Structures are given as structure tokens and as C-alpha cells.
Amino acid sequence: MPLPYQSEFIDLCMRLGVLKFGEFKLKSGRDSPYFFNAGLFSTGAAIAAVGRAYSDAIVASDLTFDMMFGPAYKGIPLVAAAAASLAERHSLDVPFAFNRKESKDHGEGGSVVGSPLAGRVLIVDDVITAGTAIRESIAIIRTGGAHPAGVLLALDRQERGAISPLSAVQEVREQFGIPVVAVISLDDLVQHMRAQGRTAEVAAMQRYRDHYGLTD
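Residues numbered from 1 in each chain as written. Predicted model: local features only at pLDDT ≥ 70, side-chain atom pairs only at ≥ 80, totals over all residues. Heavy atoms only, no water.

Draft legend 1. Molecular detail of the overall build of the chain. From N to C terminus, the chain includes seven helices and eight strands. Taking 2.2 N^0.38 as the reference for a compact globule, 216 residues should give roughly 17 Å; the C-alpha atoms of the chain span a radius of gyration of 17 Å, in line with that estimate. Its C-alpha atoms give the chain principal-axis dimensions of about 55 × 40 × 30 Å. A total of 216 residues make up the chain; the buried ones form 46% of that total. Intrachain contacts of the chain at a sequence separation of at least 6 include 68% that bridge at least 24 residues. Within the structure as shown, the chain displays about 10700 Å² of accessible surface, and the carbon and sulfur contribution to it stands at 52%. Distance between charge centres in the chain, computed from 21 positive and 24 negative side chains, equals 4 Å. (Helix = DSSP H or I, 4+ residues; strand = E, 2+ residues; numbered from the N terminus. Rg over C-alpha atoms; globule rule 2.2 N^0.38 Å. Buried < 20%, exposed > 50% of the residue type's maximum accessible area, 1.4 Å probe, protein only. Contact = heavy atoms within 4.5 Å. Areas by Shrake-Rupley, 256 points an atom, 1.4 Å probe, with all protein chains shown as cover. Lys, Arg positive; Asp, Glu negative; His and termini not counted. Charge placed at Lys NZ, Arg CZ, Asp CG, Glu CD.)

Draft legend 2. Summary view of the packing of aromatic side chains. According to the stated counting rule, one finds four aromatic pairs in the structure shown. Seen from their ring centres, Phe9 and Phe41 are 6.1 Å apart, and the 35° between their planes marks the pair as tilted. Of this pair, Phe9 sits in helix H1 (residues 4–16) while Phe41 sits in the loop between strand S2 (31–36) and helix H2 (44–60), placing them 32 residues apart in sequence. The buried category is assigned to Phe9, whose relative accessible area is 2%. A relative accessible area of 8% means that Phe41 is categorised as buried. (Phe/Tyr/Trp six-rings, centres within 6.5 Å; stacked < 30°, edge-to-face > 60°.)

Draft legend 3. Seen up close, the pairing of S2. Here strand S1 (residues 19–25) pairs with S2 via five bridges, running antiparallel. By the bridge assignment, Phe24 is partnered in S2 with Ser32. In this structure, the hairpin formed by S1 and S2 is closed by a connection of five residues, where Gly29 is found at a positive phi of approximately 95°. (Pairing = 2+ DSSP bridges.)

Draft legend 4. View of the nonpolar core. By size, the foremost hydrophobic cluster in this structure holds 42 residues, and its most contacted members are Phe9, Phe36, Phe41, Tyr54, Phe65 and Met68. Sort the elements by how many residues they give to this core and H2 lands first, with seven residues. When near neighbours in sequence (up to four residues on either side) are disregarded, Phe36 contacts Phe9, Cys13, Val18, Leu19, Phe41, Val127, Ala154 and Leu155. (Core = buried A, V, L, I, M, F, W, Y, C linked by side-chain atoms within 4.5 Å.)

Draft legend 5. How the structure looks around the pairing of strand S7 (residues 147–156). Among the 10 residues in S7, nine count as buried, and that is most of the element. Both strand S6 (residues 120–124) and S7 contribute to a ladder of five bridges, which runs parallel. Across the sheet, residue Leu122 finds its bridge partner in S7, namely Gly150. Where the polypeptide runs from S6 across helix H4 (residues 132–143) and back to S7, its parallel neighbour, the crossover connection is right-handed. Note that S7 and strand S8 (residues 180–185) share five bridges and pair parallel. When the bridges of S8 are listed, Leu152 appears paired with Val181. Read from S7 through helix H5 (residues 168–176) to S8, the crossover connection turns out right-handed. (Right-handed = clockwise from strand over helix to strand, strands pointing away.)

Draft legend 6. Focus on the packing of H1 against H2. Running from amino to carboxyl end, H1 crosses H2 at an angle of 155°, the nearest separation of the two axes being 10 Å. One way to sum up the angle between H1 and H2 is to call them roughly antiparallel. When the axes of H1 and H2 are compared, the crossing they make is left-handed. Across from Tyr5, Phe9, Leu12 and Leu16 in H1, the residues of H2 making contact are Ala46, Ala49, Val50, Ala53, Asp56, Ala57 and Ala60. Looking at the contact of H1 with H2 residue by residue, the class counts come to 10 nonpolar, no polar and one charged. (Axes fitted to C-alpha atoms, helices over the stretch in contact; angles between N-to-C directions. Parallel < 35°, antiparallel > 145°, perpendicular 65-115°, else oblique. Left-handed = near helix turned anticlockwise from the far one by under 90°. Nonpolar A, V, L, I, M, F, W, Y, C, P; charged D, E, K, R; others polar.)

Spelled out as C-alpha cells, the structure:
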């Protein structure tokens, strides 16, 4: 069964419409029975709750890192909220940074804002689809003289890529040799919905997983 913070996060996502069930056409062309849109974490209370979920996931994991990095754009509020919650709830005062899409040629200049990149850097984002933002983040971190320590996500869809038997999460793990941790996975979502008696949603997700899910 999902841990309490995971169940709370799923309930939050459903309440805010971040997580919806129905029929959705994904960028991959697949017809999915659920859709996740982290852009709808758009109030103070919502982003504070997200920060709590991220910080609880960090503490529950075995991730070791010196600072956090949020890729523009969705990663920016997520990394700030996670850092704030780590300090408030877990007494862990961790520096963080994020990037601009375009380098600034005046003032402090550069493309990275916040704490200077140093040591082991945890990347904080919402989901991995093609993995482009993560690869760009790793390049920024390495260029800054630091080392990627892992990736923290909101959701791991646990499904194969369009042309690969691996998921985007697995590809990042294998290509870069770093851990990827998610607040919730498809398995957690299925178990939570089953416990809630949401049999129609569970059946639809199971059919989707049978078709596109990872093979053992």
C-alpha cells in the first residue's frame, strides 16, 4: 500500500484536477486513462502541499545530495517548495538553484539563479517524458563543476518508451547511473484507487499497463 504521504499526494492531485481520469491523448500518441498536469499546482496552499510531499519522499529515500536544482520552468516552484519544506518539516536547510531558458548578459549574468552549483546536485522536476529537461539539467550541472546526484519526480508512469523497452525513467538511470525517485508511481496510484473502491479507474489503468507497461 502507498505510504500516508503518497496517499495524501494522490488525493491532493485529484482534488485540484492535477490528476484526472478519462480518455486522454498523450504527446506519444497513446490513449491514456489518466492525465497528470503539475501546472495546476497554482495556489499557495497547493504548492506548499506539494513541497511537503517532495520533502517526505526525499526523507523516505536513500538519496544523498548537497543541493537541489529545478529545471525551468515547472521545476522552479517545485524545487523552491521542496527546499522550504525540507527546512520547515525536517530541519534540513539545503541550498537550491534553477536555470533560465536564456542566459542573462547583465547584472549577475549567466543562466543559473540561486545557490552556486557545487557538490552533489539533486534534480527536482514533475515527470520525465522524453528526458530532455533532465539531460539539459545534467549538462548544466556538470558545466558548473558539480555532479548530478539523482532525480526527484512527482510521478513515474512506469511505461515503455515509444521505441524502447525501457521507460524514460529507466533510460535516465542507465545512461547517467543516477537514482530516480518519484513521490508516486503508477503502482501506487493503482493500489490507492483500488483501496478507494474505484474499480472502473483501476480496470482502465490495468488495461493500459498491460499494453504499455514495463515488462519484468
